[in-house]
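# Notes for the structure review
In case you want the letters, here they are:
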Amino acid sequence: IKATMEKVISLNPTYDNGGAHLYLGVLNSLIPPSMGGKPDEARRHFESAIELSEGHNLMAKTLYAEYYARMMFDQELHDRLLKEVIAADPVYDELTLINVLAQEQAEQLLAESKDIF
């Protein structure tokens, strides 16, 4: 999957509003830095996904908080991203359904924040 997403980015980095970057952000967040993970790459991919969707894909921020911010124990980033998702208008072209799901997930993740950090 990683090789496929990297190929997609090499051919068209803006494909699916940065969706390939979102996948790579999650994949690079699965292994902590102490075990050889690449959190800098994860952060770069999440930020690219957000930028390429012009902030309209709310799932990018939700997954950035869930995978990257939690792995790095960055509560400030975690909570800020989730609050932005919850406050955003979920209605946008073909992203409305995923955005509504992102908001529901963001509410759950934010409620768990004090227990995680």
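Cut-offs and rules
Residues numbered from 1 in each chain as written. Predicted model: local features only at pLDDT ≥ 70, side-chain atom pairs only at ≥ 80, totals over all residues. Heavy atoms only, no water. Phe/Tyr/Trp six-rings, centres within 6.5 Å; stacked < 30°, edge-to-face > 60°. Helix = DSSP H or I, 4+ residues; strand = E, 2+ residues; numbered from the N terminus. Buried < 20%, exposed > 50% of the residue type's maximum accessible area, 1.4 Å probe, protein only. Contact = heavy atoms within 4.5 Å. Salt bridge = Lys/Arg side-chain N within 4 Å of Asp/Glu carboxyl O. Core = buried A, V, L, I, M, F, W, Y, C linked by side-chain atoms within 4.5 Å. Patch = residues over 30% accessible without salt bridge, like charges linked within 9 Å, V, L, I, M, F, W, Y side chains within 5 Å. Areas by Shrake-Rupley, 256 points an atom, 1.4 Å probe, with all protein chains shown as cover. Axes fitted to C-alpha atoms, helices over the stretch in contact; angles between N-to-C directions. Parallel < 35°, antiparallel > 145°, perpendicular 65-115°, else oblique. Left-handed = near helix turned anticlockwise from the far one by under 90°.

## A word on the packing of aromatic side chains
- Following the criterion strictly, the structure yields two aromatic pairs and no others.
- Seen from their ring centres, Tyr64 and Tyr68 are 5.5 Å apart, and the 45° between their planes marks the pair as tilted. Of the two residues, Tyr64 and Tyr68 are both situated in helix α4 (residues 58-71); the distance of four residues between them amounts to about one turn of the helix. Taken individually, Tyr64 and Tyr68 each receive the classification buried, so the pair is uniform in this respect.
- The structure contains a cluster of three or more aromatic residues connected by ring pairs, namely Phe46, Tyr64 and Tyr68.

## Re the environment of Ala20
- Secondary-structure assignment places Ala20 in helix α2 (residues 19-27).
- Expressed as a C-alpha distance, the spacing of Ala20 and Lys7, which sit 13 residues apart in the sequence, is 9.2 Å.
- Setting aside chain neighbours within four positions, we find Ala20 in contact with Met5, Val8, Ile9 and Tyr15.

## Quick look at the pattern of salt bridges
- The tally for this structure, following the rule as stated, stands at four salt bridges.
- Lys61 is the salt-bridge partner of Glu84, the closest N and O atoms lying 2.7 Å from each other. With Glu84 in helix α5 (residues 75-87) and Lys61 in helix α4, this pair connects stretches of sequence that are 23 residues apart.
- Its salt-bridge partner being Arg70, residue Glu112 comes within 3.1 Å of it at the nearest N-O pair. Note that Glu112 is positioned in helix α6 (residues 96-116) and Arg70 in helix α4, a separation of 42 residues in sequence.
- The class of Glu112 is partly exposed, set by a relative accessible area of 35%.
- One network of salt bridges, with partners in common, ties together Lys61, Arg80 and Glu84.

## Remarks on the nonpolar core
- Formed by 22 residues in total, the largest nonpolar core has its most connected members in Leu22, Phe46, Leu63, Tyr64, Tyr68 and Leu77.
- Residue assignment for this core shows that the elements contributing at least two residues are α2, α3 (39-52), α4, α5 and α6.
- It is α4 that provides the largest number of residues to this core, a total of nine residues.
- Non-local contacts of Leu63, meaning those with residues more than four positions away in its chain, are made with Leu22, Val26, Phe46, Tyr68 and Gln105.

## Structural notes on a nonpolar patch on the surface
- Taken together, the side chains of Ile1, Leu27, Leu30, Ile31 and Met35 define a hydrophobic patch exposed on the protein surface, amounting to about 540 Å² of accessible area.
- Along the chain, Met35 turns up in the loop between α2 and α3.

## Some remarks on the packing of α3 against α4
- Between α3 and α4, the shortest axis-to-axis distance is 10 Å and the interhelical angle comes to 165°. In terms of orientation, α3 and α4 fall into the roughly antiparallel class. Like other packed secondary-structure pairs, α3 and α4 cross with a definite hand, here left-handed. Seen from α3, the contacting residues are Pro39, Ala42, Arg43, Phe46, Glu47, Ala49 and Ile50; seen from α4, they are Ala60, Lys61, Leu63, Tyr64, Tyr67, Tyr68 and Met71.

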